[in-house]
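Each chain, letter by letter, is given below.
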Amino acid sequence: HATYLSTLPPPMNDILCPTDFTPASETALHYAAALSNKLNASVTLLHVVAKEDRNEAALRKAAELMGAHTSDRGMKEVLRQGDPLKQIAEESGQGHALMVVATHGLRGLRQSLLGADILKLVRRSAVPALVVQEKSPLAVNMKRIVMPVAAHADIDKLLDAVCLLARTCGSTVEVYQVMRPGDQPSDHLLKNKDHMLTRLTEEGISHEEVNEPSSVFSAGFAEQTIRHAQAAGADCIAIMAQASDDHRWIADAEKERVLTNEHGIPVLCGV
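To keep things clear, this report deals only with the structure shown in the data block. Since this is a predicted model, take the numbers as computed values, not measurements.

Procedures and definitions
- Residues numbered from 1 in each chain as written.
- Predicted model: local features only at pLDDT ≥ 70, side-chain atom pairs only at ≥ 80, totals over all residues.
- Heavy atoms only, no water.
- Axes fitted to C-alpha atoms, helices over the stretch in contact; angles between N-to-C directions.
- Helix = DSSP H or I, 4+ residues; strand = E, 2+ residues; numbered from the N terminus.
- Parallel < 35°, antiparallel > 145°, perpendicular 65-115°, else oblique.
- Contact = heavy atoms within 4.5 Å.
- Nonpolar A, V, L, I, M, F, W, Y, C, P; charged D, E, K, R; others polar.
- Core = buried A, V, L, I, M, F, W, Y, C linked by side-chain atoms within 4.5 Å.
- Buried < 20%, exposed > 50% of the residue type's maximum accessible area, 1.4 Å probe, protein only.
- Pairing = 2+ DSSP bridges.
- Right-handed = clockwise from strand over helix to strand, strands pointing away.

Let's talk about the packing of helix H1 (residues 23-39) against helix H5 (residues 156-169)
Line of reasoning, step 1. It is at 9 Å that the axes of H1 and H5 come closest, and there the two elements cross at 75°. By the angle between their axes, H1 is roughly perpendicular relative to H5. Each of Leu35, Lys38 and Leu39 in H1 lies in contact with H5, whose residues at this interface are Leu164, Leu165, Thr168 and Cys169.
Line of reasoning, step 2. For the contact of H1 with H5, the per-class residue count stands at five nonpolar, one polar and one charged.

In structure tokens form, the structure reads like this:
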């Protein structure tokens, strides 16, 4: 097998953390700070003042809140104005290596990140995004990552992010597939599965192949994946943000369900 070491991205040097100063965003900041320590990375805190809130008082208050959050943490600050979704996506392309962002689950997040908009955001991000919730565990261990087999044409960026976290945190990665009776996996899905397993082996990352019989009456993968991750004590679920051609008709709802899972399991999204 060919080695993949030469294809790895440079060491992570900055984590972008958008905030709206809600408790959920505090959880995201907690994760960003913890991961920055593990990865020897800096953290950039980003706040976007929406157009309808843009006035001198709002900008002054935002600057004060930003300073209160970063003054004793050595973090960088970025204050932007405009559409939050657009501004966060644009900032993600300014030299950051990872974004850590919060959602309130089905209740949504301020700054227009309501419901499905969290999926829109991670799809527009220029870098992998770790999505957390207010109720996500405060212990940032990343000891077990569940990575469902994806049928996408290019899964290497997700694998890059998973490998980086796994190497740094000493994670075990589960390459997870639901086996449905009478359902023959596509050749591309099987090829990707082999690619995942080969890459993890080449990287020397602890991993397991988990093939689980279908136990949920559902056309999608979300419910059984979430159940498995919770039962396995997973610290993270790793998925592709974009839909694959194989399951495009149900992909959005399924990915939203994973991102807003009721257990608050963090979700790493590849771009």
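Read on, since the account is not over.
Points about the nonpolar core
Line of reasoning, step 1. If you look at the biggest cluster of nonpolar residues, it comprises 49 residues, and the most contacted ones within it are Leu35, Val100, Leu130, Met147 and Leu268.
Line of reasoning, step 2. A total of nine residues in this core trace back to one element, the largest contributor, which is H5.
Line of reasoning, step 3. In this view, leucine 35 contacts Ile15, Leu98, Val100, Leu130, Val140 and Leu165; residues no more than four positions away in its chain are not counted.
Line of reasoning, step 4. Tyr176, Val178, Ala229 and Ile237 belong to the second largest nonpolar core, which has 31 residues in total.

Observations regarding the pairing of strand S7 (residues 172-179)
Line of reasoning, step 1. Counting buried positions over the eight residues of S7 gives seven, a clear majority of the element.
Line of reasoning, step 2. Bridge analysis of strand S6 (residues 144-148) against S7 gives five bridges, and the strand direction is parallel. Paired with isoleucine 145 across the bridge in S7 is valine 173.
Line of reasoning, step 3. With respect to chirality, the unit in which S6 leads through H5 into the neighbouring parallel S7 is right-handed.
Line of reasoning, step 4. In this structure, S7 lies alongside strand S8 (residues 207-213), joined through seven bridges in parallel fashion. Directly across from methionine 179, in S8, lies its bridge partner proline 213.

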